[in-house]
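One-letter residues, chain by chain:
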Amino acid sequence: MTRSSTAGTTRALLAGGAIAGPLFIVVVFIQIPLRAGFDWARHPLSMLSLGDPGWVQVTNFILCGALFIAGAVGIRRVLRGQAAGTWGPLLIGGLGFGLIVGGLFSADPGLGFPAGAPPGQPTTMSWHSGLHLTGFGIGFISLIAGAFVFARRYWKMGQRAWAVYCIASGLIVAACFAIVMAGLTHQNYQLLYIALVVGWVWASVMPARLLGPEGSE
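Residues numbered from 1 in each chain as written. Predicted model: local features only at pLDDT ≥ 70, side-chain atom pairs only at ≥ 80, totals over all residues. Heavy atoms only, no water.

Caption draft 1: Quick peek at the overall build of the protein. Scanning the protein for helices and strands turns up six helices and zero strands. Secondary structure elements in the protein, listed N-terminal to C-terminal, are α-α-α-α-α-α. Taking 2.2 N^0.38 as the reference for a compact globule, 217 residues should give roughly 17 Å; the C-alpha atoms of the protein span a radius of gyration of 18 Å, in line with that estimate. Burial statistics for the protein: of 217 residues in total, 46% are counted as buried. At a minimum sequence separation of 6, the contacts of the protein that also span at least 24 residues come to 73%. Accessible area of the protein: about 10,200 Å², with a carbon and sulfur share of 71%. Looking at the protein, you have 12 positive and 5 negative side-chain charges, and the mean spots of the two groups are 17 Å apart. (Helix = DSSP H or I, 4+ residues; strand = E, 2+ residues; numbered from the N terminus. Rg over C-alpha atoms; globule rule 2.2 N^0.38 Å. Buried < 20%, exposed > 50% of the residue type's maximum accessible area, 1.4 Å probe, protein only. Contact = heavy atoms within 4.5 Å. Areas by Shrake-Rupley, 256 points an atom, 1.4 Å probe, with all protein chains shown as cover. Lys, Arg positive; Asp, Glu negative; His and termini not counted. Charge placed at Lys NZ, Arg CZ, Asp CG, Glu CD.)

Caption draft 2: Representation of the nonpolar core. In terms of nonpolar packing, the biggest core is built from 49 residues, with F24, F150, W200 and W202 touching the most fellow members. When residues of this core are traced back to their parent elements, those giving at least two are α1 (3-31), α2 (55-79), α3 (87-104), α4 (127-156), α5 (160-182) and α6 (190-209). In this structure, W202 is in contact with I92, L143, G146, A147, F150, Y165, C166 and S169, ignoring residues within four places of it in sequence. (Core = buried A, V, L, I, M, F, W, Y, C linked by side-chain atoms within 4.5 Å.)

Caption draft 3: Seen up close, a nonpolar patch on the surface. A surface patch of nonpolar side chains, amounting to about 290 Å² of accessible area, comprises F29, W40, V197 and V201. Structurally, the position occupied by V197 is in helix α6. (Patch = residues over 30% accessible without salt bridge, like charges linked within 9 Å, V, L, I, M, F, W, Y side chains within 5 Å. Salt bridge = Lys/Arg side-chain N within 4 Å of Asp/Glu carboxyl O.)

Caption draft 4: Region of the structure containing the environment of L131. Its location among the elements puts L131 in helix α4. Considered as a pair, L131 and S106 are 25 residues apart in the sequence and their alpha carbons are 8.2 Å apart. Not counting chain neighbours up to four residues away, the residues in contact with L131 comprise V101 and F105.

Caption draft 5: How the structure looks around the environment of F136. Within the secondary structure, F136 is located in helix α4. In the structure, F136 is positioned 37 residues away from L99 in sequence and 7.0 Å away in space, judged by C-alpha atoms. Ignoring any residue separated from it by four or fewer positions in sequence, one finds F136 in contact with G98, F177, M181 and L192.

Caption draft 6: Structural detail: the packing of aromatic side chains. The final tally for this structure, using the stated rule, is 14 aromatic pairs. Their ring planes at 35 degrees and their centres at 5.6 Å tell us that F136 and F177 sit as a pair that is tilted. Placement of the pair is F136 in helix α4 and F177 in helix α5, with a sequence separation of 41 residues. Residues F136 and F177 agree in their burial class; the two are buried. Measuring from ring centre to ring centre gives 6.2 Å for Y154 and W162, while their planes differ by 40 degrees; the resulting arrangement is tilted. Relative accessible area serves as the criterion here: at 29%, W162 is assigned to the partly exposed category. Put simply, the rings of F24, F61, F136, F140, F177 and W200 pair up and form one aromatic cluster. Over the ring of W155 we find R160, and its NZ or CZ is 4.1 Å from the ring centre. (Phe/Tyr/Trp six-rings, centres within 6.5 Å; stacked < 30°, edge-to-face > 60°. Lys NZ or Arg CZ within 6 Å of the ring centre and 35° of its normal.)

Quick look at the structure:
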């Protein structure tokens, strides 16, 4: 493989990671008003995978997870031997892996969604819902840790604004994730959507930056 073809492949991988976050977000928010009975204040986005139209969100999970992994491979190619060159791509790849697990294994119905589901929280957790929750945890924890890994990189490079952006993104996602998991919001899952927008955009900005001058240094 020639150097130019290798560079082209790397750029394609980075581009995949760069579009993964925005694509995931857009597909989620397009679905919300179209799914009868879905209330984003009461229902986590995972429930979009349920019901007959659920294949759209399942595909969104798996496709965008694969794109994040592609982006992680591209980051590894560019940053090999540099700060964040090992753990940065591994952790963004962890986000992608978590999304794929979340797509392959569905959450349990409840809170009245989809139609015919019990009005309250599920009283027991199925094995597939447990695996879905595991993927959810892997993805969010990987993203949070990755934000601080890249913050360290940019701080060492003297790019303080980018370091602060990474730290702020990690803290916002961590706070939203912790509060929701602790049950303090009483089913107010809007915090998860805040974490989604902030975190997934950050995870796509990192490979996107390497498509520019930084990736050529």
